[in-house]
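Residue-level structure breakdown
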Amino acid sequence: MDFSGIDGEHYIAVIRAGAIDPYGKTADELQDELDAFDAELDERLLAMTPEQVEAGAQIPPLPAEPESAFDERFRQDDALVGRMRALELQTARIEGERRVLLAAHMQRAIDLPGDTETNRKELASMVAVDLGVSRRSILGRMARAHAIVTQLPTAHEAAAAGRITTGHLWIIERETQPLRLDQEVSRSERARVESELVEVAERCSTSQLGSKAKQIVNDVLTEPLQIRHETARQKRRIDLFDAGDGMGDLLLHLPILEATAIMDRATQAAKKKPKDDPRTFEQYRTDALTELLLAGVVPEDLHGISPIKAHVAITIPATTLLEDEYQDDDPLRAVQFPALLDGNTLVDADTARRLAGDSALWERLFTDPVTGVAVTVDTYRPSTAQRRLLQARDVRCRMPGCGLPARTADVDHTRDAAKGGPTSLDNLANLCCGDHGIKHDTRWQVEQLGHGVLRWTSPIGHVIDDVPEPAGPIFTDMPRSRPKPVPLTRSERRKRQRELFQRLEDAHAARLADPPPEPEDIPPAWGGAEALASAEPTYGPTPF
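The following refers to the structure shown.

Let's shift gears to the packing of helix α5 (residues 116-131) against helix α6 (residues 135-151). For the pair α5 and α6, the least separation of the axes is 8 Å and the interaxial angle reads 120 degrees. Judged by the angle between their axes, α5 and α6 are oblique. For the element pair α5 and α6, the recorded crossing hand is right-handed. Residues R120, K121, L123, A124, S125, V127, A128 and L131 of α5 form the contact with α6, whose own contacting residues are R135, I138, L139, M142 and A143. For the contact of α5 with α6, a count of residues per class yields nine nonpolar, one polar and three charged.

Rendered as structure tokens:
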């Protein structure tokens, strides 16, 4: 930013007070630029001769080298990120003002004499006609805005200030609905849960927030998950929507366990697609499911043997091993936690027991009682123990912001096996197919700091530490928040990005000179593709 002609200190003070810089820069970044501007100005003044000063000549610019291709790329990348951040902040403020406006007039409709519903429809119809949208849409937005502003003030303020996105806010509003309807939960407890969800949202992507919010809310609800699940299960149905162009959308609303199993069966079928088949993966998966639905046999006994084969992982806090057994009223009973499907979806206890009863494969997962991170697994198939442990530790793809389950991800050597990287837990992590390619083919860099912590560095020098989520209960005196990104100045980020750029060029040149053999990025104990082809499909892990 060029500070010539403006009061830089005043501008920075305005940004610190809550204004938004047009390019999304923070007050500290602007202060660094102002300091650099002042230093350059002093250098330019010192370069002037006394005659130039006496004559009032313009301050000459310092001689500068032409902008290199690297500097131009860094500047454009940095400008993209900064501008997007600024637009998101501006959008968040506008959305916040819209919510306040709609909530205020929703309250006015409630307070006006007469029928509240009629008052709401009258207000909504006026807005709808003027904006060219449906009255039902405005009514829904008014009700949602009123609920958020009045019942979730902390989340509303965080979203309006740009600390969390509107997507985070919608998830918090959706997941806390049972909590806000539960009259047995105190107002202070609701406020505590809301504050915790906002804190989680500030350091997580929207895909990660959903599963965490379910667990946080479930811990304080007075009505057990089993009862809520049975009530919701009565609403299962199938809907058909015309999508145009001779296409349609078939929507199945059914228990998450069966929905996940159906999706997984179609996915495993698509993984066996012949290489010469011209269909895409998605097309093949859709055709496989369609054929199963149309040509499959409907069982006469709908309550017969379950077709789902689960892999059951029993998560055991290490403190449990200190007790031979405990009674129902024992304090250790309090550390029990609900069943999880793929590590991120709550399922009721009866469903978990049914899966366990139908499963021939069980394994025990021991967790560190301090950090909650998985430390060991025993299994009847030790050839897959290392992969099982990584799935239990990572839960999801380890690229920051990605929420795809580790079960469907690739096991990646952080330091390439072709370059001497060992096949050890401190050098392995789960990355989904797309992020696996990003890690290898772009300027993103990653290193392991130990205990499963991955440090990612973006192409413009931003540093993000991705910490494994606890797999089990943890002691509350241990900090649970994910470390904030390491703060770096613009010059430090440029230096780091230049190093990453050079490393990428060196690696590319080395591959062209001597292409290494394609390594099998799979733990050596695994049986290989032939073992996978002969194995029965599973739908786990389902740790509980």
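Moving on to the side chain of E173. Its place among the elements puts E173 in helix α8 (residues 166-175). Overall, the relative accessible area of 13% leaves E173 in the buried class. Apart from the residues within four sequence positions on either side, E173 is in contact with R144, I148, L152 and R180.

Once that is clear, we can look at α6. Every α-helical turn comprises 3.6 residues, leaving residues that sit three or four positions apart pointing alike. Under the 1.5 Å per step criterion, the end-to-end length of α6 is 24 Å for 17 residues, consistent within 8% with the ideal 24 Å. Residues I138, L139, M142, A145, H146, A147 and I148 constitute the buried set of α6. Buried positions along α6 lie against α4 (69-111), α5, α7 (153-160), α8 and α9 (177-181).

To continue, consider the environment of A158. Checked against the element boundaries, A158 lands in helix α7. Along the sequence, A158 and E202 sit 44 residues apart, while their C-alpha atoms lie 8.8 Å from each other. Ignoring anything within four residues of it in the chain, the contact list for A158 reads R163, I164 and V198.

With 23 residues, the main nonpolar core has I172, L179, V193 and L197 as its most contacted residues. For this core, the secondary structure elements donating two or more residues are α7, α8, α10 (187-201) and α11 (206-218). If one sorts the elements of this core by residue count, α10 sits on top with five residues. Excluding residues that lie within four positions of it along the chain, V193 makes contacts with L179, I216, V217 and V220. Judged by nonpolar contacts, the second largest core, of ten residues, contains M106, A109, L123 and A128.

How each quantity is defined
Residues numbered from 1 in each chain as written. Predicted model: local features only at pLDDT ≥ 70, side-chain atom pairs only at ≥ 80, totals over all residues. Heavy atoms only, no water. Axes fitted to C-alpha atoms, helices over the stretch in contact; angles between N-to-C directions. Helix = DSSP H or I, 4+ residues; strand = E, 2+ residues; numbered from the N terminus. Parallel < 35°, antiparallel > 145°, perpendicular 65-115°, else oblique. Left-handed = near helix turned anticlockwise from the far one by under 90°. Contact = heavy atoms within 4.5 Å. Nonpolar A, V, L, I, M, F, W, Y, C, P; charged D, E, K, R; others polar. Buried < 20%, exposed > 50% of the residue type's maximum accessible area, 1.4 Å probe, protein only. Expected span 1.5 Å × (residues − 1). Core = buried A, V, L, I, M, F, W, Y, C linked by side-chain atoms within 4.5 Å.

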